[in-house]
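Spelled out from the first residue to the last, the chains are:
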Amino acid sequence: MSSPSSPSSSPFSAAPTGADLTTERLVLRTWPADEVAAVLGDERRTHWAADFPADGDRAIAGYMTERPDALGVYGQRQVIERDSGLVVGAIGLFWPPVDGCLEFGYGIVPSRQGRGYATEAARAVVEFALTAPGVHTVGAGVELPNPASARVLEKVGLECLSSDGAVARFGTTAPEPDRR
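All of these numbers come straight from a predicted model, not from anything done at the bench.

## Concerning the overall build of the chain
A count of helical and extended segments in the chain gives four helices and eight strands. What you see in the chain, going N to C, is helices and strands ordered as β-β-α-α-β-β-β-α-β-α-β-β. Across the 180 residues that make up the chain, the buried fraction comes to 44%. Taking all contacts inside the chain whose residues are at least 6 apart in sequence as the whole, residues at least 24 apart take part in 60%. Accessible surface, the chain as shown: approximately 8,500 Å² in total, 53% of it carbon and sulfur.

Below you can see the structure in the form of structure tokens.
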């Protein structure tokens, strides 16, 4: 498997202290608990894109209520457009790792798709995940009717490892010296 770029060439800044991940155009912020509740309660926030939350964001909000660790630094994050300050999607890690492998998922609202935000966010999260304790492999699944998502994963250096006819599994492994 291939690996993302080295930390010295990383396009984001991050520290495993709960700090935001910041890319050229995005901020990936851990979800505030009150915003999880707002999504689940169908409340609108002024700093959300008009089409946020999407169905996937509602599913993740429900997941976070069942998994408090999903609100931590190695959990779920909102995708915030730096220029507008609007929440335009979600991305996150499904902590804890299993046998050194950590899964992630993402979604960008329809009004912001096609701008490369998913690729930018996924690259930052994959690089960050490979620095997490006990993690040497990062992966994601993509439903086969969603080729755009598969292209995102390929762009950030993940390789297709398998497919069961419905879902393709992608992954990347840290180089040997970086393994924890």
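There is more to say after this.
## A look at the sheet that holds strand 7 (residues 159-163)
Reading across the sheet, the eight strands line up as 1-2-3-4-5-6-8-7 and stay open at both edges, with mixed pairing between neighbours. One side of each edge strand has no neighbouring strand; the edge strands of this open sheet are strand 1 (21-22) and strand 7. Here five bridges tie strand 3 (residues 76-81) to strand 4 (residues 87-98), and the two strands are oriented antiparallel to one another. The partner of R77 across the bridge, within strand 4, is I91. Of the strands in this sheet, strand 3 and strand 4 touch helix 2 (residues 55-66), which is tilted by about 40 degrees from strand 4.

## A short note on the pairing of strand 4
Between the end of strand 3 and the start of strand 4, which pair antiparallel, lie five residues, with G85 showing a positive phi angle near 75 degrees. Hairpin connection from strand 4 to strand 5 (residues 101-108): two residues lie between these consecutive antiparallel strands, with D99 at a positive phi of about 50 degrees.

## Quick look at the packing of helix 1 (residues 33-40) against helix 2
Two elements in contact, helix 1 and helix 2, have axes whose closest approach is 9 Å; the angle formed by their N-to-C orientations is 125 degrees. In terms of axis orientation, helix 1 runs oblique to helix 2. Where helix 1 crosses over helix 2, the two elements pack in a sense that is left-handed. Across from V36, V39 and L40 in helix 1, the residues of helix 2 making contact are D57, R58, A61, G62, M64 and T65. Class assignment of the residues belonging to the contact of helix 1 with helix 2 gives a composition of five nonpolar, two polar and two charged.

## Side note on the nonpolar core
Generally speaking, soluble globular proteins have nonpolar side chains that are buried together. Counting 53 residues, the largest nonpolar core has L28, F52, V79, I91, L93 and F104 as the members making the most contacts within it. Element by element, the count of residues in this core is highest for helix 3 (residues 117-129), at nine residues. Excluding residues within four positions of it along the chain, V79 makes contact with L26, V27, L28, L86, V87, V88, G89, A90, I91, I108 and A121.

## Points about the side chain of R77
Take R77: it is sitting in strand 3. Within the buried set, R77 has no salt-bridge partner at all; the shortest N-O distance to an opposite charge, 5.1 Å, is to D20. Within the structure, R77 has its side chain in polar contact with the backbone oxygen of V73 (distance 3.0 Å). R77 has contacts with A19, D20, L21, L28, R29, T30, W31, G89, A90, I91, G92 and F128, leaving out every residue within four places of it along the chain.

## With respect to helix 4 (residues 147-155)
Along helix 4, the residues classified as buried are S149, A150, V152 and L153. Across the axial projection of helix 4, the buried residues extend over an arc of 155 degrees, all falling on one side. The positive-phi residue at the C-terminal boundary of helix 4 is G157, with phi of around 95 degrees.

About the thresholds
Residues numbered from 1 in each chain as written. Predicted model: local features only at pLDDT ≥ 70, side-chain atom pairs only at ≥ 80, totals over all residues. Heavy atoms only, no water. Helix = DSSP H or I, 4+ residues; strand = E, 2+ residues; numbered from the N terminus. Buried < 20%, exposed > 50% of the residue type's maximum accessible area, 1.4 Å probe, protein only. Contact = heavy atoms within 4.5 Å. Areas by Shrake-Rupley, 256 points an atom, 1.4 Å probe, with all protein chains shown as cover. Pairing = 2+ DSSP bridges. Axes fitted to C-alpha atoms, helices over the stretch in contact; angles between N-to-C directions. Parallel < 35°, antiparallel > 145°, perpendicular 65-115°, else oblique. Left-handed = near helix turned anticlockwise from the far one by under 90°. Nonpolar A, V, L, I, M, F, W, Y, C, P; charged D, E, K, R; others polar. Core = buried A, V, L, I, M, F, W, Y, C linked by side-chain atoms within 4.5 Å. Lys, Arg positive; Asp, Glu negative; His and termini not counted. Salt bridge = Lys/Arg side-chain N within 4 Å of Asp/Glu carboxyl O. Polar contact = N/O pair within 3.5 Å; in protein donor to acceptor, adjacent residues only side chain to side chain. Arc of directions from axis to C-beta.

This is a description of form; function is not addressed.
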